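Here is what each chain is made of, one letter per residue.
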Amino acid sequence: MIQCKTSKAIGGMGHSLKRKEDVRFIQGAGHYVDDIKLDGMLYMDIVRSPYAYAKIKNIDISEAMKVPGVAAVVTGKDLEKYNLHWMPTLMSDTQMVLPTDTVMYQAQEVAAVIATSRYAARDGREAVKVEYEPMKPIMDPYKSMDPSSPVLRTDKPGKSDNHIWHWEVGDKAKTDEVFKKAEVVVEQHMHIPRIHVASIETCGCVADYDKINNHLTMYMTTQAPHAIRTVIALVAGHVGLTEEKIRVVSPDIGGGFGGKVPVYPGYVIAIAVSFLTGKPVKWIEDRSENLQADSFARDYHITVEMAGTKAGKIQATRFKVLADHGYTDASANPSKFHTGLFSIGTGSYDYDTAFMEADAVYTNKPPGGVAYRCSFRVTEAVQAIERITDLFALKVGKDPAQLRMENFIKKEDFPWKSPTGWTYDSGDYHAGLKKAMEAIGYDSLRKEQAEKRAKGELMGIGISTFTEIVGAGPSKDFDILGIKMFDSAEIRVHPTGKAIARFGTKSQGQGHETTYAQIIAEELGIPAENIHVEEGDTDTAPYGLGTYASRSTPTAGAAAAVAARKLRDKARKIAAYLLEVSEEDLEWEPGKFSVKGAPEKAKTIQEIVFAAYTNHPQGMEAGFEATHYYDPPNLTFPSGAYICVVDIDKETGQIKVRRFVAIDDCGHIINPMIVQGQVHGGLTQGIAPAMYEELIYDEDGNILNGTFMDYLVPTAVESPHWETGHVVTPSPHHPIGAKGVGESPTVGAPPAIANAIMDALSPYGIHHIDIPITPFKVWKALKEKGVI
Amino acid sequence: MIAQPFQYEAPATLQDAIGLLQKYGDEAKILAGGHSLIPMMKLRFATPGYLIDINNIPGLSSIQEENGFIRIGALVREAEVEHSALLTGHYPIFADSTRLIADPQVRNMGTIGGNLAHGDAANDHPAVMLALRARVVATGPKGSRTIAIDDFFQGFYTTALEPEEILTEIQIPIPPGHTGSAYYKLERKVGDYAIAGVAVVLTLDGNLVKSIGIGLTNVNPVPMRASRSEEFLLGKPLTDENLAQAGKLAAEDCSPSTDLRGSEEYKRDMVAVVLRRMVKLAAERAK
Amino acid sequence: MKINVTVNGTAHEVEVEARTLLVHMIREILNLTGTHIGCDTSSCGACTILLNGKSVKSCTVLAVQANGKSITTIEGLATAEGLHPLQEGFKENHGLHCGFCTPGMILRASELLANNPNPTEEQIRWGISGNLCRCTGYNNIVKSIQYAAAKMRGDALPSTEPVFV
């Protein structure tokens, strides 16, 4: 049981408070971007390329302009006049807003139709005639790296190949040396396929430019409204839209998962059109556009190796990555981290030698990549380390649980320095795995498996014991376009003791309106229900970098605690004044200060706040407000031990996830109900890439599954009944000891599932299948081995 | 996604509907449940000038037993098929198959007539009707005619319906004793079109197969009967060897294509596996 | 074209194009924005409403097909007495995160419970298989529906506390 310091009435940390935001959502009163309707609003629809790579010979808009209701058709040439046809990506690459001569991927924006209604815009889009000269696209990243391949980014002067960047970390010489001498080396190549976040709400915006006041209000589906405001100012400052004239509002968001971090061309076109017409312009993607053109996630080709002893001691790992970024590197990573936080991939194991390198390459695919409910490439890294750990266990003939137990970093060794330079803050990996094994009945499952194997039946047990890295991040290393990755909280307590708190983050379903209130309630003793949390409006919220990469609790959550503590310090001063004692004579319990040894002499927080406005000490600033910009001293390192049991139909390859136990360590828990909900959701987004989801292209660059009919988002039937629990090792450097949790399950689940499936198939010499592992792939592997 | 403009008609009688079909010719499309047609129109793959909504026509929505047949009106919704005691009582295959069609909301709109008239080998009821040896009633300017299901599916998305005809009813023989039926399709996820699906209806005479119908889903350009498998099993006991041979014959005879659901070889193999399992299940139910 | 529909108990005469999708009529003409659009292929269920009491995907129904019929949207579920048991169930059991799929999920569940007042977990999972949720992992949606079912049957309410291993 989780211990709570506050009463249920106050509702601080540890209480499973029901969510405050749900009241509107369950009644259909959520307010999403497509719900916005403004007077005179125009609608935008986008003409997209049917080809993956083509020259644009001509765009004929004459028929489109005849469609009733169509007001304008905007092309790249139109934007070129304002130098708005290209924009920078977050990774300092460049991306077309609208092309002037070449399209680089199928479904790329080609022209925008503006009309007085959604239907007219769609009709206009149909009537725009574009003449293309198709070229042979490059879809395979390995072919693209071949020096003989044609150069794709001919817009870049002097570019002579399709290579984007090279990255490496670790000690290459030492790693090579350990590998050379190692008793056991295992190696596996794997592709972590291109997937899509596919939030149920697609992306969209309403750009509302007020010509008279030269002011833009941009309502949009963004996870990072402040950063977007700065980006708009950087892109459009030269036409007079400077940052004080821009307000970005992120209304309720129907799921983000990283897909609503980037700036998509549609947003920029909508702003440009609103700027030119002085009218509000709405752009809402449909699902096909969302799947086919918005940023993808993953698409890493990885070769991973592990070296160790025959006795099963891990000694070193080596990773080599080829990253397919599509036609531009539009990743949403911190600036200095080309591969995000992939270097967490050395895992939860105690060894000191590793080397990783990665190369990125252009292809004729949509640009990206973003996370998919994961902290900057951590999922790719964890898939690699947890798969290779299993292969190592297999090679040395050890049970994968036993091997992990023997190699884990010990809890007393934290803070622990990883071979790639991270300092893990805290953890108890042994306790986590032990708890998971007990919960699932590991030993009896292994017995059952032995009996089933004897009968030729396929049953598998898979483990993943991962370490995450979240909460980006410390300003010495972490920035986006130069802006340091702090985050912020501002708390204003009103004279009657009720508060409003604003943040630089933006919930997309994480429950910030509840959990931030709980953090403040914990620190100040003001009931959470009396704390109104607001995010997403750059005019009112303090500057922050937004919500992604499980950073909200580690950064803005910390800011809330620190800001509240500033207020508690002030409260102590006021209480001392009111009670006529010295500050040292006071003691705090949630909600009041009382005099030590005389508990009847006390002032409640509400009385103290009232005094701050009505009877504050002379010389003290009136009011009861605090703001804090929190610059984390380190990242946080949540961890988990997941065990999955699968049964496989040998004849059809169908895989049934029988049970799945997830034990997470996210440090101190703010709201157990919400943490559990986040874990459930993340697990379903873990089974998704493990067994169902992948964006598939043919060699001509056509996407083969660009709708929800073929892009297989799991339903309640595919999603198993998840079983969850936790161990708690508080983060020592975080003000409330929390670590962040939203993404751990997405990171940890795929290797647990893949390991379970491979465990089931391992008696037949089948040791690796790339995710998503489908019945067809299982059948094919069994067929190739002559099993069926 | 928004359809191209069209004219909408909602005739109140079958005659009026047929009259509209005659008037508008191949520019017209019939709207029943709309769950195949409307998505195609939204994608602008289908651009009919006229949409003839037949949902207001009375008399096409009942399930009745009459003269040794169960008569199912073309506008009977999949959800009604799924929960019809008359249908599922005689033929559990209706419960098996209907619950695997798309999802509950789609089944509330989608009709059994539309599922057949679309002529789509990926739909589930064509195979079921082949296994049941059903008859289809088509009504046109010259009145109604009955079409044996084997004559109904004629090609890729092509049926025996004339342009001016509407599918109005499906007739299924009441089964003799010791009849069992079963359907299963392998799918990538719930509600998906089949990787491979097999419908089986059989009547046993002791341990021997007295009669059998086998239909296949989504493994052939045209909804397909596994004729050689049927013929092979007739008069035989359902031994493992016989089942394996029947599966092998259907796997050879179908013509699946490699796609996102798997390779041609996989699908053939799945036809064999599912056929064996469904014949077994139908036989258990027959006992 | 003019059509007559009763929406959440109120009669409306609405002017629509033949091609107007029911979901667009509901959202943009009647301004009931609780019904959402998540795909275009009747795959996700965010647009689920009740049409004459049956759950349907309003992105794949033409507004003209609703002529003369009654429609219930999420805005029409609560009564003067309070929230619908499903609304309460979702709130009490953390059955939603971002809220985007929630209205469709609740309306679908309402028909499920009308047909089957005491569904098993398996029946609930199959019963909501036409509704995608990207956030919750479905566990708590199932729990929410079980809670509502108990409430509607008049049974003792199950615990809403999270259960951990």
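A quick note: this is a predicted structure, and the numbers were derived from the prediction, not measured.

Topic: the interface of chain C and chain A
So, step 1. With 55 residues of chain C at the interface, the matching set in chain A holds 68 residues.
So, step 2. On the chain C side of the contact with chain A, Lys91, Arg134 and Val165 of chain C bury the most area, a combined 18% of that side's loss.
So, step 3. The tally of links from chain C across to chain A stands at 5 salt bridges.
So, step 4. On the surface where chain C and chain A come into contact, there are 35 residue pairs in polar contact (both at pLDDT 80 or more).
So, step 5. Those elements giving two or more residues to the side of chain C that touches chain A turn out to be helix 1 (22-29), helix 2 (85-92), helix 3 (102-115), helix 4 (121-127) and helix 5 (139-153) of chain C.
So, step 6. It is helix 2 of chain C that provides the largest number of residues to the side of chain C that touches chain A, a total of 4 residues.

Points about the sheet that holds strand 3 (residues 50-53) of chain B
Residues and elements named next belong to chain B.
So, step 1. An order of 1-3-2 is seen for the 3 strands of this open sheet, with the pairing classed as parallel. One side of each edge strand has no neighbouring strand; the edge strands of this open sheet are strand 1 (7-9) and strand 2 (28-31). Between one strand axis and the next, the sheet turns through 25 degrees on average, direction left out of account.
So, step 2. Pairing geometry for strand 2 and strand 3, over 4 bridges, is parallel. Looking at the pairing, alanine 28 lines up with tyrosine 50 of strand 3.
So, step 3. The strands touched by helix 1 (residues 14-24) within the sheet are strand 1, strand 2 and strand 3, with strand 3 carrying the most contacts at an inclination of about 170 degrees.

Quick notes on the domain arrangement of chain B
Where interface size is given, it is often the accessible area lost as the parts come together that is meant.
All names here are of chain B.
So, step 1. Looking at the assigned domains, one finds that chain B contains domain 1 (7-53), domain 2 (63-173) and domain 3 (179-286).
So, step 2. Both faces considered, domain 2 and domain 3 share a buried interface measuring about 2100 Å² in area, 60% of it formed by carbon and sulfur atoms.
So, step 3. Here domain 2 and domain 3 share 4 salt bridges between them.
So, step 4. Here arginine 285 makes a salt bridge to aspartate 96, at a shortest N to O gap of 2.7 Å.
So, step 5. There are 11 residue pairs in polar contact (both at pLDDT 80 or more) connecting domain 2 and domain 3.

Section: unusual backbone geometry
So, step 1. Looking along the chain, the bond that leaves glycine 368 of chain A and enters glycine 369 of chain A is cis, with omega of 0 degrees.
So, step 2. Along the chain, the position of glycine 369 of chain A falls in strand 18 (residues 368-370).
So, step 3. Of the consecutive residues phenylalanine 414 of chain A and proline 415 of chain A, the connecting peptide bond is found in the cis state with omega at -5 degrees.
So, step 4. Backbone geometry at tyrosine 157 of chain B places phi at a positive 55 degrees, although glycine is not the residue there.

Re empty space enclosed by the protein
All names here are of chain A.
So, step 1. A full pass over the atoms with the stated rule returns 13 cavities of 30 Å³ or more.
So, step 2. Computed from the structure, the largest cavity encloses a volume of approximately 560 Å³.
So, step 3. In this structure, the largest cavity is lined by 41 residues; those nearest its centre are Gln510, Ser550, Gln678, Val741 and Gly742.
So, step 4. Among the secondary structure elements, those contributing two or more residues to the lining of the largest cavity are helix 14 (512-524), helix 15 (552-579) and helix 17 (672-692).

A short note on the interface of chain B and chain A
So, step 1. Listed by partner, the interface residues are 23 residues for chain B and 26 residues for chain A.
So, step 2. At the boundary of chain B with chain A, total buried surface from both sides reaches about 2300 Å², with 58% on carbon and sulfur atoms.
So, step 3. Between the two partners, chain B and chain A, sit 6 salt bridges.
So, step 4. Where lysine 783 of chain A meets aspartate 269 of chain B, a salt bridge forms, and the shortest distance between an N and an O atom there is 3.6 Å.
So, step 5. Where chain B touches chain A, the interface holds 10 residue pairs in polar contact (both at pLDDT 80 or more).
So, step 6. For the side of chain B that touches chain A, the secondary structure elements donating two or more residues are strand 11 (179-187) and helix 12 (264-286) of chain B.
So, step 7. Among the elements that line the side of chain B that touches chain A, the one with the most residues is helix 12 of chain B, at 7 residues.
So, step 8. Its residues assigned to classes, the side of chain B that touches chain A comprises 11 nonpolar, 2 polar and 10 charged.

Some points on the pattern of salt bridges
Pairing between side chains of opposite charge can happen when the charged atoms of each approach one another.
So, step 1. One pass over the structure, following the stated rule, counts 94 salt bridges over all chains.
So, step 2. Its salt-bridge partner being arginine 107 of chain B, residue glutamate 82 of chain B comes within 2.9 Å of it at the nearest N-O pair. Here glutamate 82 of chain B is found in helix 3 (residues 78-83), whereas its partner arginine 107 of chain B is found in helix 6 (residues 104-109), with 25 residues between them in sequence.
So, step 3. On the accessibility criterion, glutamate 82 of chain B (17% relative accessible area) is buried.
So, step 4. When its relative accessible area of 5% is taken as the criterion, arginine 107 of chain B is described as buried.
So, step 5. With a closest N to O distance of 2.8 Å, aspartate 192 of chain B and arginine 261 of chain B form a salt bridge. On the criterion of sequence distance, the pair formed by aspartate 192 of chain B in the loop between strand 11 and strand 12 (194-205) and arginine 261 of chain B in the loop between helix 11 (240-253) and helix 12 is long-range, its members being 69 residues apart. Across the pair, arginine 261 of chain B and aspartate 192 of chain B agree in class, each one buried.
So, step 6. Taken together, the shared-partner salt bridges in this structure form one network comprising Asp34, Asp35, Arg118 and Lys282 of chain A together with Arg27 and Glu28 of chain C.

Comments concerning the nonpolar core
Here is a general trend for soluble globular proteins: nonpolar side chains tend to be buried in one another's company.
So, step 1. Phe660, Ile757 and Leu761 of chain A are the most contacted members of the largest nonpolar core, which has 119 residues in total.
So, step 2. Setting aside residues no more than four positions away along its own chain, leucine 761 of chain A makes contact with Leu458, Ile648, Ile766, Ile769, Val778 and Leu782 of chain A.

Overview of the domain arrangement of chain A
Residue and element names in this part refer to chain A.
So, step 1. Partitioning chain A into structural domains gives domain 1 (22-30 + 487-630), domain 2 (33-136 + 203-284) and domain 3 (296-472 + 634-784).
So, step 2. Of the residues lining the interface, 20 residues belong to domain 2; the matching set on domain 3 comes to 26 residues.
So, step 3. Taken over both partners, the interface formed by domain 2 and domain 3 buries close to 1800 Å², and the fraction arising from carbon and sulfur atoms is 55%.
So, step 4. Counting across the interface, domain 2 meets domain 3 through 1 salt bridge.
So, step 5. Lysine 136 is the salt-bridge partner of aspartate 700, the closest N and O atoms lying 3.3 Å from each other.
So, step 6. Viewed at the interface, domain 3 and domain 2 are joined by 11 residue pairs in polar contact (both at pLDDT 80 or more).
So, step 7. Looking at the side of domain 2 that touches domain 3, its residues break down into 11 nonpolar, 7 polar and 2 charged.

Observations regarding the state of the cysteines
So, step 1. Going through the model one piece at a time under the given rule, you end up with 0 disulfides over all chains.
So, step 2. Lacking any disulfide linkage, cysteine 374 of chain A is separated from the closest cysteine sulfur, that of cysteine 135 of chain C, by 16 Å.
So, step 3. No disulfide involves cysteine 39 of chain C; its nearest neighbouring cysteine sulfur is the one of cysteine 44 of chain C, lying 3.9 Å away.
So, step 4. Judged by relative accessible area, which is 2%, cysteine 39 of chain C ranks as buried.

A few points about helix 10 (residues 378-396) of chain A
So, step 1. The end-to-end C-alpha separation of helix 10 of chain A is 27 Å, in line with the 27 Å expected for 19 residues at 1.5 Å each.
So, step 2. Phi turns positive one or two residues past the end of helix 10 of chain A, at glycine 397 of chain A, with a value near 75 degrees.

Observations concerning the environment of glutamine 315 of chain A
Residue and element names in this part refer to chain A.
So, step 1. Within the secondary structure layout, glutamine 315 lies in strand 16 (residues 314-324).
So, step 2. Relative accessible area serves as the criterion here: at 28%, glutamine 315 is assigned to the partly exposed category.
So, step 3. Measuring from C-alpha to C-alpha, the distance between glutamine 315 and threonine 353 comes to 6.7 Å, with 38 residues separating the pair along the chain.
So, step 4. Look past the residues within four positions of glutamine 315 in its chain and what remains in contact with it is Val178, Ala182, Ala307, Gly308, Thr309, Tyr351, Asp352 and Thr353.

Definitions and limits used
Residues numbered from 1 in each chain as written. Chains lettered and ligands numbered in written order. Predicted model: local features only at pLDDT ≥ 70, side-chain atom pairs only at ≥ 80, totals over all residues. Heavy atoms only, no water. Contact = heavy atoms within 4.5 Å. Buried area = accessible area lost by both parts, 1.4 Å probe. Salt bridge = Lys/Arg side-chain N within 4 Å of Asp/Glu carboxyl O. Polar contact = N/O pair within 3.5 Å; in protein donor to acceptor, adjacent residues only side chain to side chain. Helix = DSSP H or I, 4+ residues; strand = E, 2+ residues; numbered from the N terminus. Pairing = 2+ DSSP bridges. Axes fitted to C-alpha atoms, helices over the stretch in contact; angles between N-to-C directions. Domains from an automatic or database assignment. 1 Å grid on protein atoms, 1.4 Å probe; cavity = no way out; pocket = protein on both sides within 12 Å on 5 of 7 lines; lining within 4 Å. Points joined across faces, edges and corners; volume = space filled by probe spheres on them. Nonpolar A, V, L, I, M, F, W, Y, C, P; charged D, E, K, R; others polar. Buried < 20%, exposed > 50% of the residue type's maximum accessible area, 1.4 Å probe, protein only. Core = buried A, V, L, I, M, F, W, Y, C linked by side-chain atoms within 4.5 Å. Disulfide = S-S within 2.5 Å. Expected span 1.5 Å × (residues − 1).

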